[in-house]
Every structure is written in C-alpha cells, then in structure tokens.
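Given next are the chains, with one letter for each unit.
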Amino acid sequence: MYLMDCIFCKIAAGEINARKVYEDGEITAFWDLNPQAPTHILIIPNKHMESLSAAGKEHAELLGKIQLAAAEIAKNLKVEDAFRLVTNNGRKAGQSVNHLHYHLLAGRRFNWPPG
Ligand code: 5GP
Ligand code: ZN
C-alpha cells in the first residue's frame, strides 16, 4: 500500500529525494535528515505500515530482513562494532512519522536507559 501523504512512502517510491544507502524490492534505507548521531540511518519497509504494532505474523520474514539489512548497512558503514537499532512505536514513544522505521545510530556513546 502507498499513502499519498506519507513522506516515507514517497521516499521509498523515489518521489522525494533521500540519501539512500540500501534498497531492494522490500526495504529502503537512507540517511536521517536531522541526524542524532554521526551515523543515523532510517530503515523502512517499502510498503506502508503504521508501526511495529501494526505488524502481524505475515510480516515475520520482512521484519527479519530489516534486521539483517541493518547489520549489513552497519558493516558497509564500518560501524558494526557499536550501533543501536531502535523503533519508536507510537507518539508517546517519540514516533513522529507514521510509517514503520528503524533508526540505526552509531558513531558516539549512547546512554542506557535511553531518554
Ligand atoms: P521518529 O521520530 O518518527 O522515530 O523518526 C522520524 C525521523 O524521520 C526523524 O529522525 C526525522 O529527522 C526523520 N525525517 C523526517 N522527515 C524526513 C525526510 O523527509 N527525509 C529524511 N531523510 N528524514 C526525515
Ligand atoms: Zn508510508
């Protein structure tokens, strides 16, 4: 599904420019416009899905592929020794774009627990 007013659907479709680092038939990854770390990549399914809460068993393979893509991207960007992969699920958890996305962050020290 493609949502007309969804910025990440448009990035996946190539209608809005982004600095893409990975792309296949199911997944797109690109640099975050407002990076929170020296390396800050967003990884999304090409098909619109609101959040992880909207995923079902039929998405198990896709979700696995996203994690493997994250590891591959981390390797390509030479940050595989230390990175954080996170999804903000829901507005109160910090989600501002309602198209499932994972943040791949690296290149600085991260605190735990996160803020
Ligand atoms: P969220 O707050 O939903 O977890 O993350 C959304 C992220 O998308 C933010 O880090 C924000 O900087 C990024 N973002 C929002 N609009 C755009 C855009 O048009 N292009 C890119 N590359 N990143 C965007
Ligand atoms: Zn979308």
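Residues numbered from 1 in each chain as written. Chains lettered and ligands numbered in written order. Predicted model: local features only at pLDDT ≥ 70, side-chain atom pairs only at ≥ 80, totals over all residues. Heavy atoms only, no water.

## Some words on the coordination of the zinc ion (ligand 2)
As a benchmark, a tetrahedral metal site with four donors has ideal angles of 109.5 degrees, while an octahedral site with six donors has ideal angles of 90 or 180 degrees. For the zinc ion (ligand 2), the full set of protein donor atoms is Cys6 (SG), Cys9 (SG), His48 (ND1) and His99 (ND1), and the range of their distances to it is 2.0 to 2.3 Å. Around the zinc ion (ligand 2) sit four donor atoms; with metal-centred angles ranging over 104 to 115°, the donor geometry is tetrahedral. Mapping the donors of the zinc ion (ligand 2) onto the primary sequence yields the spacing C-x2-C-x38-H-x50-H. The two residues Cys6 and Cys9 agree in class, both being buried. (Donors = N, O, S within 2.8 Å, 3.2 Å for Na, K, Ca; no water. Tetrahedral: all angles 85-135°; square planar, octahedral: opposite > 155°, others 65-115°. Buried < 20%, exposed > 50% of the residue type's maximum accessible area, 1.4 Å probe, protein only.)

## Some remarks on the environment of Asp24
The topology assignment puts Asp24 in the loop between strand 1 (20-23) and strand 2 (27-31). Of the residues examined, Asp24 reaches a relative accessible area of 30% and is grouped as partly exposed. Considered as a pair, Asp24 and Ala69 are 45 residues apart in the sequence and their alpha carbons are 9.9 Å apart. Polar contacts involving the side chain of Asp24 include one to the main-chain amide nitrogen of Glu26, which spans 2.7 Å. (Helix = DSSP H or I, 4+ residues; strand = E, 2+ residues; numbered from the N terminus. Polar contact = N/O pair within 3.5 Å; in protein donor to acceptor, adjacent residues only side chain to side chain.)

## A short note on the site of ligand 1
Residues in contact with ligand 1 amount to 16 residues; listed here are only the nearest, Asp32, Gly94, Ser96, His101 and His103. Here an oxygen atom of ligand 1 sits 2.8 Å away from a polar atom, N or O, in the main chain of Gly94. In this structure, His103 approaches ligand 1 through a side-chain N or O atom, which is 2.8 Å from an oxygen atom. Protein burial of ligand 1: of its 520 Å² of free accessible surface, 83% is covered by the chains. Applying the majority rule of atoms within 2 Å of the grid points places ligand 1 in the largest pocket. Listed by contribution, the elements that provide at least two residues to the shell around ligand 1 are helix 1 (7-13) and strand 2. (Near = heavy atom within 4 Å. Areas by Shrake-Rupley, 256 points an atom, 1.4 Å probe, with all protein chains shown as cover. 1 Å grid on protein atoms, 1.4 Å probe; cavity = no way out; pocket = protein on both sides within 12 Å on 5 of 7 lines; lining within 4 Å. Sits in = over half its atoms within 2 Å of the grid points.)

## A few points about the packing of aromatic side chains
Counting across every chain of the model gives one aromatic pair. Note on Phe8 and Phe30: the rings are 5.5 Å apart at their centroids and 75° apart in plane angle, and the pair reads as edge-to-face. With a gap of 22 residues between them, Phe8 in helix 1 and Phe30 in strand 2 connect regions that are remote in the sequence. Accessibility expressed as a relative area gives 2% for Phe30, which makes it buried. (Phe/Tyr/Trp six-rings, centres within 6.5 Å; stacked < 30°, edge-to-face > 60°.)

## Concerning the layout of surface pockets
If a probe as big as a water molecule is rolled over the atoms, it shows which places are left empty. In this structure, the largest pocket spans a volume of roughly 740 Å³. Where the lining of the largest pocket is concerned, the elements lending two or more residues are helix 1, strand 2, strand 3 (39-45), strand 4 (83-86) and strand 5 (102-106). The greatest single-element share of the lining of the largest pocket, amounting to three residues, is contributed by helix 1. Per-class residue counts for the lining of the largest pocket are 14 nonpolar, twelve polar and four charged. (Points joined across faces, edges and corners; volume = space filled by probe spheres on them. Nonpolar A, V, L, I, M, F, W, Y, C, P; charged D, E, K, R; others polar.)

This is a description of form; function is not addressed.
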